[in-house]
Amino acid sequence: MSLARFAVSHAKLDRKVFEAMLKTAAYAAAHARAPLAPFTIERREPRPHDVLIEILYCGICHSDIHQVRDEWGGGIFPMVPGHEIAGKVVRMGDKVQKWNLGDIVGVGCFVDSCRECEACKAGEEQYCERGLVLTYNGYERDGKTPTYGGYSTRITVDENYVLRMPERIPLERAAPLLCAGITTYSPLRHFGVKAGDNVAVVGLGGLGHMAVKLAKAIGAHVTVLSHSPTKREEAVRLGAADFISTADESFKKNAERFDFILDTASAPHDYNAYLSLLRRDRTMVLVGLPPPTPLSAHALVSRRRRLTGSNIGGIRETQELLDFCGSKNVGAEVEVIPIQKVNEAYERVDRSDVRYRFVIDLASLKKTGTGQN
Ligand code: NAP
Ligand code: ZN
Ligand code: ZN
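In terms of nonpolar packing, the biggest core is built from 92 residues, with Ile60, Tyr151 and Leu214 touching the most fellow members. Setting aside residues no more than four positions away along its own chain, Leu214 makes contact with Gly181, Thr184, Tyr185, Leu188, Leu321, Phe324, Cys325 and Val330.

So, in structure tokens, the structure goes:
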């Protein structure tokens, strides 16, 4: 072989190796309502400001289930869900300032934003006016490269959209803080919930159990409103002072009892009945995203109550939450599963049978040899 031909074939080989290194094992839904199954995706080589993260754990959020089933519409398939990603920095671009190889880091619900709008400048990237880049079921800023989430063995992310995980909390218990934790922490902080307030948490699932722990850590008096009467003892174990079963209509007798209600329920329920439990001039925040649900003006007007919503949290606030959880030793209650059990886990979440977050151990995906690591 001539030297020139050798050089060409070698270059081809190099490129092959280079590309193969970015092939990444994942689990995806091929179309709406399809079960999750092994799939191979490509991750980009780190650009100057990127880090490549080996994913160790990824939580299962109910939003993953809503989106895989295209319940919110506009789903991009094949879809690799997962936005509670915890792992290790294994490679990085030459201009990265914030991270070192081996750092234990996290990625939440978004991986980029416009960085210029009022929301981004205020550190509230989750409300980016020009297009938040969701961790999955979205497109990169080029508008055409689909994003894939954490049900995979690695991810490449701009260093500014990466979080430092708390050292004190086992990583599998810290991963759910990246969505369930920040989504409940942000409204508690934004609406100034303080020690001694009477706070009600609707729904004791992934978000709800974090809301109980965080409101309790702030010093609030927490009551759980649950449609699962069997969760009473666990609610108390998690830090609730009281538990009200909404399976029993008599829960409506608790009118004008609460200073703040954080509603995390994932399925339709009567907002009006819950609003009547608020005191005058107090606030109920929706974070759960069920299908459209009727609202009566009377429930608001009669006591000048406020009904609002809240979307995850910005990077700065998410780091604040992670540091807060580290200092207070607050982690999620988790059931760690291999990725092969993900469809079963979805069915259990459907039945509100999760205590209280499923977390995928990505070592299970590396072992299968279903993709190149
Ligand atoms: P999850 O673990 O499934 O918990 C949802 C809880 O809702 C269940 O455990 C259950 O609690 C309650 N629930 C279920 N069906 C109900 C019904 N028919 N009536 C009343 N309550 C019912 O889900 P998650 O991961 O915590 O997510 C909760 C919701 O928040 C989802 O809609 C998700 O998409 C949304 N979310 C929003 C944001 C945001 O930024 N706003 C972020 C993440 C997730 P009980 O058994 O105690 O009643
Ligand atoms: Zn989520
Ligand atoms: Zn923006």
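Let's shift gears to the coordination of the zinc ion (ligand 3). At the metal site, the zinc ion (ligand 3) is ligated by Cys114 (SG), Cys117 (SG), Cys120 (SG) and Cys128 (SG), and these contacts range over 2.3 to 2.4 Å. Here the zinc ion (ligand 3) is ringed by four donor atoms whose angles at the metal span 105 to 119 degrees, and the overall shape comes out tetrahedral. Mapped onto the sequence, the donors of the zinc ion (ligand 3) take the spacing C-x2-C-x2-C-x7-C. Here Cys114 and Cys117 have matching classes, each one buried.

For the pair helix α5 (residues 180-190) and helix α10 (residues 315-328), interaxial distance at closest approach is 10 Å and the crossing angle is 100 degrees. In terms of axis orientation, α5 runs roughly perpendicular to α10. Residues Gly181, Ile182, Tyr185, Ser186 and Arg189 of α5 pack against Glu317, Thr318, Glu320, Leu321 and Phe324 of α10.

On to the coordination of the zinc ion (ligand 2). Surrounding the zinc ion (ligand 2) are the protein donor atoms Cys61 (SG), His83 (NE2) and Cys179 (SG), at 2.0 to 2.2 Å. Look at Cys179 and you get buried, because its relative accessible area is 4%.

Now for the site of ligand 1. Taken together, the neighbourhood of ligand 1 is formed by 29 residues, with Ser226, His227, Ser228, Lys231 and Arg357 sitting nearest. At 2.7 Å, a side-chain N or O of His62 approaches an oxygen atom of ligand 1. Between ligand 1 and the protein, one listed contact pairs an oxygen atom with a side-chain N or O atom of Ser228 at 2.4 Å. Out of a free accessible area of 920 Å², ligand 1 has 92% covered by protein chains. Looking at the shell around ligand 1, the elements with two or more residues in it are α2 (62-68) and α6 (206-218). Broken down by element, the shell around ligand 1 gets its largest block of residues, three residues, from α2. The residue makeup of the shell around ligand 1, split by class, is eleven nonpolar, 16 polar and two charged.

Now for empty space enclosed by the protein. The tally for this structure, following the rule as stated, stands at one cavity of 30 Å³ or more. Gly108, Cys109, Phe110, Tyr161, Leu163, Leu178, Ile182, Ile312, Gly313, Ile315 and Thr318 are the residues that line the largest cavity. Taken together, the residues of the lining of the largest cavity break down into eight nonpolar, three polar and no charged.

With that out of the way, let us pick up the layout of surface pockets. Put simply, the second largest pocket is a space of about 440 Å³. Forming the boundary of the second largest pocket are 22 residues, of which Arg44, Arg47, Glu140, Thr145 and Thr156 lie nearest the centre. In terms of residues, the lining of the second largest pocket owes the most to one element, strand β8 (residues 154-158), which gives four residues. Considering only residue class, the lining of the second largest pocket consists of six nonpolar, four polar and twelve charged.

The next subject is the side chain of Gln126. Its place among the elements puts Gln126 in the loop between α3 (118-121) and β7 (133-134). At 3.1 Å, the side chain of Gln126 and the backbone nitrogen of Gly314 are in polar contact. Each residue touching Gln126, except ones within four places of it in the same chain, is listed here: Phe110, Leu132, Asn311, Ile312, Gly313 and Gly314.

On to the pairing of strand β12 (residues 242-245), then. When strand β11 (residues 221-226) meets β12, the two strands line up parallel, connected through four bridges. Bridge pairing in β12 places Val224 opposite Phe243. Handedness of the crossover joining β11 and β12 through helix α7 (residues 232-238): right-handed.

This part takes up the pairing of strand β13 (residues 258-263). Along β13, six of the six residues are buried, which leaves the element largely enclosed by surrounding structure. Here strand β10 (residues 198-202) pairs with β13 via four bridges, running parallel. Bridge pairing links Ala200 to Ile261 in β13.

The rules we used
- Residues numbered from 1 in each chain as written.
- Chains lettered and ligands numbered in written order.
- Predicted model: local features only at pLDDT ≥ 70, side-chain atom pairs only at ≥ 80, totals over all residues.
- Heavy atoms only, no water.
- Core = buried A, V, L, I, M, F, W, Y, C linked by side-chain atoms within 4.5 Å.
- Buried < 20%, exposed > 50% of the residue type's maximum accessible area, 1.4 Å probe, protein only.
- Contact = heavy atoms within 4.5 Å.
- Donors = N, O, S within 2.8 Å, 3.2 Å for Na, K, Ca; no water.
- Tetrahedral: all angles 85-135°; square planar, octahedral: opposite > 155°, others 65-115°.
- Axes fitted to C-alpha atoms, helices over the stretch in contact; angles between N-to-C directions.
- Helix = DSSP H or I, 4+ residues; strand = E, 2+ residues; numbered from the N terminus.
- Parallel < 35°, antiparallel > 145°, perpendicular 65-115°, else oblique.
- Near = heavy atom within 4 Å.
- Polar contact = N/O pair within 3.5 Å; in protein donor to acceptor, adjacent residues only side chain to side chain.
- Areas by Shrake-Rupley, 256 points an atom, 1.4 Å probe, with all protein chains shown as cover.
- Nonpolar A, V, L, I, M, F, W, Y, C, P; charged D, E, K, R; others polar.
- 1 Å grid on protein atoms, 1.4 Å probe; cavity = no way out; pocket = protein on both sides within 12 Å on 5 of 7 lines; lining within 4 Å.
- Points joined across faces, edges and corners; volume = space filled by probe spheres on them.
- Pairing = 2+ DSSP bridges.
- Right-handed = clockwise from strand over helix to strand, strands pointing away.

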